[in-house]
Amino acid sequence: MVEIPAEDSDKSDKSDSDSETESQPTEFSVVMDTVVCWENAIPKELLSIKPAGSGSFGKVFYCIPRDALEDYPNIAKQPTKKLPGSLKAQICAVKVHSATTMVEQAWAEAEILKYIQQADEFPGRHLSRLLAANIPATGLSTITMEAVMGPTLDHFWNSYMGRFDSQWMPKEFVWHVFLQLGAAIRFIHSMNVSHNDLHDGNVMLNMARQDFPGLPNVVLIDFGQANHFETEARNPFRTKPAVPAEKIELLIEDDNAAFFQILYALSMGIVDREDSWDWHTFTALLEDSAYGFGSRGQSDAQKCVLDKMTTRYEAPAIAERAKISQKAKENIARHLSVVTVVRSLGLSDDEIRSAVVAELDKA
Ligand SMILES: Nc1ncnc2c1ncn2[C@@H]1O[C@H](COP(=O)(O)OP(=O)(O)O)[C@@H](O)[C@H]1O
Ligand SMILES: [Mg+2]
């Protein structure tokens, strides 16, 4: 259910008190901001549990519907009992767009998500799923999404690279990202949507869902910069011309190059003595793409669009991923569960319980 208000013809009284060009928030500023105003924008029917992360344009909070709590009156009395899965399943993530001036972008993000998830083939386990949106003509906009329980790929990878024993990451993990993130990207492109902000901070790992047992689902998030011609043309808050349909093709090519860049960066960190011919040629193509990055059409790898890469490497990727050792899976799972190592890990039972108990105490 997406509730997006109709166009407000008089937007001249829009408050500009929040700066659109604010610098990258630090962890500290996120905490301060939550107290001051961001959290106030969260829909009243949701209880905020804790910040999930922040980017250049928004701050995201894990939340739970307040009316869900009524079914669990005994949580406070059972501090050691495992939290019911039915309660945890109701956790969602609310993105508060960081300035009132971002209404155009917030509307587009919500509508593009709504558009792609209407398709039958929507790969919802690998893409942000919109649950609701509140886009007022004045004030901060919010979009409510399914929560991803885990870190961003960059937090995961950077923390791994910093480990003294950082040689355990298997190349199967890169094949896994290629398969799952690649499927998400190919899907949005098939809907003529370009993402335009593809980097490892906009990719999350969800340990709570494992389509390939033992490895976290890879999820593409953040459609704040995405383009879709028909959607933009309908934007009631539009201040700039919609990106022409033919330009989307170039943006799609840029998305592909950015995806190859992510894979290339990951593959650089893999030390695997058991090389295979497929891995060898795959990484050579990625390397080619990395050196041609930013100059459209100049590199063979960039011309070799994602569909071609998939045709060539999907079967080997599936076959090689299947060979991942139990030990390698355990290493990844262990690494993903160490809060002090990987930031933005998701939510612990204790964090949920404390927020719920505090709320029930108030009542
Ligand atoms: N669905 C989600 N579940 C949990 N955390 C999320 C979710 N979406 C985003 N986040 C967290 O919030 C951060 C900022 O969200 P993002 O949409 O990337 O905002 P921005 O447009 O500011 O970059 C992400 O890097 C991630 O840590
Ligand atoms: Mg982002």
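Residues numbered from 1 in each chain as written. Chains lettered and ligands numbered in written order. Predicted model: local features only at pLDDT ≥ 70, side-chain atom pairs only at ≥ 80, totals over all residues.

As annotated in an unreviewed UniProt entry, the protein is Kinase-like protein from Lophium mytilinum.

Asks: How should the overall build of the protein be read in this particular structure?
Replies: Secondary structure summary: the protein contains 13 helices and seven strands in total. A burial count over the protein gives 38% of its 363 residues as buried. (Helix = DSSP H or I, 4+ residues; strand = E, 2+ residues; numbered from the N terminus. Buried ≥ 20, exposed ≤ 12 C-beta atoms within 10 Å, placed from the backbone.)

Asks: What is the right way to look at the site of ligand 1 in this model?
Replies: Contacts to ligand 1 come from 21 residues, most closely from Gly 53, Gly 55, Val 60, Ala 93 and Asp 222. Residue assignment for the shell around ligand 1 shows that the elements contributing at least two residues are strand S1 (46-54), strand S2 (58-65) and strand S3 (92-97). With three residues, the single largest contributor to the shell around ligand 1 is S1. Residue classes in the shell around ligand 1 are distributed as eight nonpolar, 11 polar and two charged. (Near = placed C-beta within 6 Å. Nonpolar A, V, L, I, M, F, W, Y, C, P; charged D, E, K, R; others polar.)

Asks: Could you clarify how one ought to interpret the sheet that holds S2 in this entry?
Replies: Strand pairing within a sheet occurs via backbone hydrogen bonds; the two strands may be parallel or antiparallel. With respect to topology, five strands assemble into an open sheet ordered S1-S2-S3-S5-S4, the strand pairing being antiparallel. Looking at the sheet topology across the chains shown, the edges are occupied by S1 and strand S4 (130-134). The mean angle between the axes of side-by-side strands here comes to 25°, regardless of whether they run parallel or antiparallel. Sheet topology note: the S3/strand S5 (residues 142-146) ladder contains five bridges and is antiparallel. Following the sheet pairing, Cys 92 is matched in S5 by Glu 146. Relative to the sheet, helix H4 (residues 103-117) contacts S3, S4 and S5, its axis offset from that of S4 by approximately 150°. (Pairing = 2+ DSSP bridges. Axes fitted to C-alpha atoms, helices over the stretch in contact; angles between N-to-C directions. Contact = placed C-beta atoms within 7 Å.)

Asks: What should I look at first to understand the pairing of strand S7 (residues 217-220) in this one?
Replies: A regular strand places its side chains so that they alternate between the two faces of the sheet. Neither face of S7 is left uncovered, since the one carrying Asn 217 and Val 219 and the one carrying Val 218 and Leu 220 both have all their residues buried. Inspection of the sheet shows strand S6 (residues 203-206) paired to S7 by four bridges, in the antiparallel sense. Residue pairing across strands places Leu 205 opposite Val 218, the latter belonging to S7.

Asks: For this particular structure, what's the right way to read the packing of helix H6 (residues 171-190) against helix H8 (residues 245-268)?
Replies: Axes are the key here: two packed helices are described by the angle between their axes and the distance separating the axes. Interhelical geometry of H6 versus H8 gives an angle of 170° and a closest axis separation of 11 Å. Viewed along their axes, H6 and H8 adopt a mutual orientation that is roughly antiparallel. For the pair H6 and H8, contact is made by Val 174, Val 177, Phe 178, Leu 181, Gly 182, Ile 185 and His 189 and by Ile 252, Asp 255, Phe 259, Leu 263, Leu 266 and Ser 267, respectively. (Parallel < 35°, antiparallel > 145°, perpendicular 65-115°, else oblique.)

Asks: Quick question: what am I supposed to make of the packing of H6 against helix H11 (residues 306-321) here?
Replies: At a closest axis distance of 9 Å, the pairing of H6 and H11 adopts a crossing angle of 140°. Between H6 and H11, the crossing angle belongs to the class labelled oblique. Both H6 and H11 take part in a crossing whose hand is left-handed. Only Leu 306, Asp 307, Thr 310, Tyr 313, Glu 314, Ala 317, Ile 318, Glu 320 and Arg 321 of H11 make contact with H6, whose side of the interface consists of Glu 172, Trp 175, His 176, Phe 178, Leu 179, Gly 182, Ile 185 and Arg 186. Residue composition of the contact of H6 with H11, grouped by class: eight nonpolar, three polar and six charged. (Left-handed = near helix turned anticlockwise from the far one by under 90°.)

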